[in-house]
Every structure is written in C-alpha cells, then in structure tokens.
Amino acid sequence: MKIRHDLVALQLAICVLATATMFVSAQAKANPEHWQREWPNTDFSKHAVDYAEILSGGPPKDGIPSIDDPKFVPVADMTNLADSEPVIGLRIGDDARAYPLRILTWHEIVNDTVGGVPVAVTYCPLCNAAIVFDRRVAGEPTEFGTTGKLRHSDLVMYDRATESWWQQFLGEAIVGARTGTKLEVLPARLESWSRFKARHPAGLVQIPSNPGLRPYGANPYVGYDGASFPFLYRGSYPEGIAPMARVVAIGDEAWALSLLREQGRVESGDLVLTWEAGQNSALDTRSISEGQDVGNVVVQRKGAQGLEDAPYDVTFAFVFHAFRPEGTLHK
C-alpha cells in the first residue's frame, strides 16, 4: 500500500510531468520515426543506447526552457534566499556565481560564461543531479536545451548546433551526430546559500529573468524524497540500499550519504569527502526553504597546492546503479 500511495502522490505532485504516465503505457518503446517530425535535424541513425530506454517525460522540446541570458545581482543585494536554501556554487578564476535550485528546478539548464569559460549549469530534479559542464565541443561553445525526454529517469539534453541528444548524468552525447562525445565536468558545490555567501562575499547570485514566469521557490516535486521508488524508471535497483537514498558519486565510486553523514569525513586515496548540516532538500516540502536538512557535501583532492575541489554529484542510489552498474558503492 505504501508503494501505491507514493506513486499516486508523486503523480499528483509533479505538475510538469503530468502526462508522463500515459506515455509509459501508450509508448512502451521509443519511436525514432515519430521523433523525426519534432527533431528533423537530429541524425537518428547514430546512437549509443537502446532507443527503448528513452521515454517521454511529458513536456515537448524546450517545454522546460533553458536560461540562455541569466541575470545576476551581487551577493550583498540578495535578500529573499533563506540561508539553508541549496545553490550550485561555481568559481572559475575570480568569477564566483551561485545558481539557486529554486530557479534551476524550473529550467534545468543555465547556459552561461564564468571566468571566460562557457558553461552549462544543469540540474535534473528526478535524479537530484547538479552538474556543471564546460559547454565547448571541439573548441566551440554550444548552447544546451531540454529534449523533454528521460533515460533512467535522467534529463536528456540537446545541443543547439547539431541537435544531438546528451545524457545529463554522464555528460555524453547518446544520439545524433555527436554520439560518443563527452563534455568536461567542472568542479562545483551543491551547498547552502549561507556557505556560498561566506566563501564568496563579493560573488554574484542568479535571479529570475522573469519573476512571474514560474513560482520560484516552490517545489513541483513535493514528497519525492519520501517516495519508495523513482518516477519513470524501468531499470534494476541496487542491492543493500534504498533506491532513493542519496549517495555522493565521484566517477565509478559512490558513498552513501548516510555513511558520510555518520562519519563526517571520509578519505579514500587522494579524495577527501566531508559533510556538515545546514542545507535544505529541494525535493521535499512545497517550499524549498522548508525542506529537510540533507546537509552540505564537499569533495576535494589532495594536490601539490593542498586540497582542491573535485567534481562530484549528490544523487540517488538508483541513478548511480543505472549509469555505473560496475561501479563501487560504499554503504
């Protein structure tokens, strides 16, 4: 009964995916010929995955609109973010910027340039995957948008130059002319607003370009943290850990957040992982600022100059299992 209750509640809560369940039953298998009408510039003869794994998430192409001309204010001028609200903190050179999940939840992709580097700041709510990429391909900047498709419940992006499709969690093109091409993942932190402010008091923070476009600050995925199983996922599940348990993924290794939370600090080779309380989940209550405390994770590598930030992702166990089936998950 609990599983049924979770699924029903989730279907009611996820307003941007309201039509998705119809696609699961009516289109159990993908149909590239059908997609071609919406995607005439995509080369569907090239693909690295089984098309049957790609499902419609409900919205059409760009139905979840990327932000291509983001607006910012100085950290000192931001007054409507709670200290514990989650932001993606990115610093390249002397340029430090915070991208609040209250915005990214509704747009999923921000195309920006930070410290002279073209970047794509991405967030997939269904996977809680907050990942920043260098958006240069073969040396040329490209913009990314949303396809409206999901694979293993994860956002499938597309580049506007060739309309190839990219797996957000992997940063890899899986359909189209650029199939097999990978983006560079940049170090960034999913952290509380208060921690970003303390680290970068002279930095910038993103604000909505059009405040009335979406109910920014509200979570359309109410209760997703408490679901027993992920939405629109048909793969296998990891053993010994709940599918929706958070894990800290670094390449082919991941650590259960509960383990890191209990120990506070984990060292593995040249990696140092730490956890401290004080960050809201963006996928719990209706108001993101009132979500449960999932804490702040920092991942760094030991180098000649001391500890340096390393790329990581705080995601769900099912996600790591789906995309890194041969990986090691420390529980």
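The preceding data block contains the structure.
Here we summarise the structure given alongside this text. This one's a predicted model, so the numbers in the text were calculated from it and none came from an experiment.

1. Focus on the overall build of the protein
Point 1. Helices and strands together make up the secondary structure of the protein, namely 7 helices and 24 strands.
Point 2. Counting only C-alpha atoms, the protein reaches 50 × 50 × 45 Å along its principal axes.
Point 3. Across the 331 residues that make up the protein, the buried fraction comes to 53%.
Point 4. Residue pairs at least 24 apart in sequence account for 65% of intrachain contacts in the protein once pairs closer than 6 positions are excluded.
Point 5. Per element, the accessible surface of the protein, about 13800 Å² overall, is 50% carbon and sulfur.
Point 6. Averaged over its 31 positive side-chain charges, the protein has a centre that lies 2 Å from the centre of its 40 negative ones.

2. Regarding the pairing of strand β20 (residues 271-276)
Point 1. Two strands pair when backbone bridges link them, and strand β19 (residues 265-268) and β20 are joined in this way by 4 bridges, in the antiparallel orientation. Pairing of S268 across the sheet is with L271, part of β20.
Point 2. Linking two consecutive strands that pair antiparallel, namely β19 and β20, is a turn of 2 residues; a positive phi of about 60° is found at G269 within it.
Point 3. Strand direction decides the pairing type here: β20 and strand β21 (residues 296-303), joined by 6 bridges, are antiparallel. Bridge pairing in β21 places V272 opposite Q300.

3. Notes on the pattern of salt bridges
Side-chain pairing between opposite charges can occur once the charged atoms of the two side chains come close.
Point 1. According to the stated counting rule, one finds 21 salt bridges in the structure shown.
Point 2. Note that K149 is salt-bridged to E38, the shortest N-O span being 3.8 Å. Taken as a pair, K149 in strand β10 (residues 144-151) and E38 in helix α3 (residues 32-38) lie far apart in primary sequence, 111 residues in all.
Point 3. A salt bridge links E276 to R195; its shortest N-O distance comes to 2.9 Å.

4. What about the sheet that holds strand β5 (residues 109-114)?
Point 1. One open sheet accounts for 4 strands, arranged β5-β6-β7-β14; its pairing is antiparallel. Bordering the open sheet on either side are β5 and β14 (184-186), each of which pairs with just one other strand. This sheet shows a mean twist of 35° between the axes of neighbouring strands, independent of strand direction.
Point 2. Inspection of the sheet shows strand β6 (residues 117-124) paired to strand β7 (residues 129-134) by 6 bridges, in the antiparallel sense. Bridging from a neighbouring strand, T122 pairs with I131 of β7.

5. What about the side chain of S153?
Point 1. Within the secondary structure layout, S153 lies in the loop between β10 and β11 (154-159).
Point 2. Owing to a relative accessible area of 0%, S153 belongs among the buried residues under this scheme.
Point 3. Residues within four places of S153 in sequence aside, it is in contact with C124, L126, C127, Y224, F231, L232, Y233 and F318.

So, how was this worked out
- Residues numbered from 1 in each chain as written.
- Predicted model: local features only at pLDDT ≥ 70, side-chain atom pairs only at ≥ 80, totals over all residues.
- Heavy atoms only, no water.
- Helix = DSSP H or I, 4+ residues; strand = E, 2+ residues; numbered from the N terminus.
- Buried < 20%, exposed > 50% of the residue type's maximum accessible area, 1.4 Å probe, protein only.
- Contact = heavy atoms within 4.5 Å.
- Areas by Shrake-Rupley, 256 points an atom, 1.4 Å probe, with all protein chains shown as cover.
- Lys, Arg positive; Asp, Glu negative; His and termini not counted.
- Charge placed at Lys NZ, Arg CZ, Asp CG, Glu CD.
- Pairing = 2+ DSSP bridges.
- Salt bridge = Lys/Arg side-chain N within 4 Å of Asp/Glu carboxyl O.
- Axes fitted to C-alpha atoms, helices over the stretch in contact; angles between N-to-C directions.

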